[in-house]
Amino acid sequence: MFIIVGLGNPSREYESTRHNIGFDTIDAIADKYHINVMELKHKAKIGKGYIGGNKVILAKPLTFMNLSGESVRSIIDYYKADPATDLIVISDDISLPPGQLRIRKKGSAGGHNGLKNIIQHLGGGDFKRIRMGVGEKPAEYDLVDWVLGHFSKEDRKAVDGAVQKAVKAVELILSDGTDTAMNEFNRKVQP
């Protein structure tokens, strides 16, 4: 079984913002595989289903980004899952251009407060993650305003493509392993 968590902030005001690209990706996976992500458990919206014969739990934490670890820890404990083999976290990354993915087997938070909180609650960063580029913050922007802001039309198009690539990356991780997905998707996107 795999637990696939997309990071974001609940409530309508945050829909389609840079910080909510993880939620957008979970919604795309749910749509493709007809998984209803509406059950409220573990401080999250949860959905259960199958991708390529693998049982999956899709989750959108409702704790707000900076407390995502509370929800993830609860899900991991309830399903007696091993984060190193069973958990995939999808988040935004301001150090990557819109449309680019970076898949890792483990690592640091890289300045991302949601990942930082998950690492804190799990006791380490040994879990798979798909980081999705949302573009670097311009000098005149506050970081919070940038990540809670909306994409330009051009960037939105690149990000929508990246969401579809992230769905394929999840499928590849489940079917062929993380190394295969990394080889396929950790390529620089040409502007």
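Up top is the structure.
The structure contained in this document is the topic of the report that follows. (Residues numbered from 1 in each chain as written. Predicted model: local features only at pLDDT ≥ 70, side-chain atom pairs only at ≥ 80, totals over all residues. Heavy atoms only, no water.)

**Quick word on the pairing of strand β1 (residues 2–6)**
We apply this condition: For the exposure calls, accessible area comes from a 1.4 Å probe over protein chains only, and a residue counts as buried if that area is under 20% of its type's maximum, exposed if over 50%, partly exposed in between. Helical segments are the DSSP runs of H or I of at least four residues, strand segments are the runs of E of at least two, and each set is numbered from the N terminus. Should DSSP find at least two bridges between two strands, the strands are regarded as paired.
Across the five residues that make up β1, a large majority, five, are buried. One ladder, built from four bridges, connects β1 with strand β4 (residues 54–61); its direction is parallel. Counterpart to Phe2 in the pairing with β4 is Val56. Inspection of the sheet shows β1 paired to strand β5 (residues 87–93) by four bridges, in the parallel sense. Its bridge partner being in β5, Ile3 is matched across the sheet by Leu87.

**Re the sheet that holds strand β2 (residues 39–41)**
What counts here: For helices, the fitted axis covers only the stretch in contact; all axes are lines through C-alpha atoms, and the angles between them, taken along N-to-C directions, range from 0 to 180 degrees. Contacts between residues were defined by any pair of non-hydrogen atoms, one from each residue, lying within 4.5 Å.
Pairing in this open sheet of seven strands is mixed, and the strands run β2-β3-β4-β1-β5-β7-β6 from one edge to the other. Looking at which strands have only one partner, the edges of the open sheet turn out to be β2 and β6 (101–104). Geometrically, the sheet is characterised by an average inter-axis angle of 25 degrees between neighbouring strands, direction not taken into account. Against the sheet, helix α7 (residues 178–185) contacts β6 and β7 (128–133), and its axis sits at roughly 160 degrees relative to β6.

**Points about the packing of aromatic side chains**
Note the threshold: Stacked, tilted and edge-to-face are the three classes applied to pairs of Phe, Tyr and Trp rings, where Trp contributes its six-membered ring and a pair requires centres within 6.5 Å; stacked means planes under 30 degrees apart, edge-to-face means over 60, and tilted covers the rest. Working rule: Lys NZ or Arg CZ, within 6 Å of ring centre, within 35 degrees of ring normal, means a charge sits over the ring.
A complete count under the given rule lists three aromatic pairs for this structure. Ring geometry for Tyr14 against Phe64: centres 6.2 Å apart, planes inclined by 85 degrees, an arrangement best described as edge-to-face. Placement of the pair is Tyr14 in the loop between β1 and α1 (21–33) and Phe64 in the loop between β4 and α2 (68–78), with a sequence separation of 50 residues. The exposure class assigned to Phe64 is partly exposed, which follows from its relative accessible area of 39%. Where Tyr141 meets Trp146, the ring centres are 5.1 Å apart and the plane angle is 75 degrees; that geometry is what we call edge-to-face. Given a relative accessible area of 8%, Trp146 falls into the buried group. Above the ring of Phe151, the side-chain terminus of Arg18 is found at 5.4 Å from the ring centroid.

**Re the nonpolar core**
The following threshold applies: As used here, the term nonpolar core means buried Ala, Val, Leu, Ile, Met, Phe, Trp, Tyr and Cys residues forming a set that is joined through side-chain atoms within 4.5 Å.
Among the nonpolar cores identified, the biggest contains 32 residues, and Ile4, Leu58, Ile130 and Met132 are the most heavily contacted of them. Among the elements of the structure, β1, α1, β4, β5, β6, β7, α6 (153–176) and α7 are those that each provide at least two residues to this core. In terms of residue count, the dominant contributor to this core is α6 (ten residues). Ranked by size, the runner-up nonpolar core spans 21 residues in total, among them Ile3, Ile57, Ile118 and Ile119.

In short, geometric facts, not functional conclusions.
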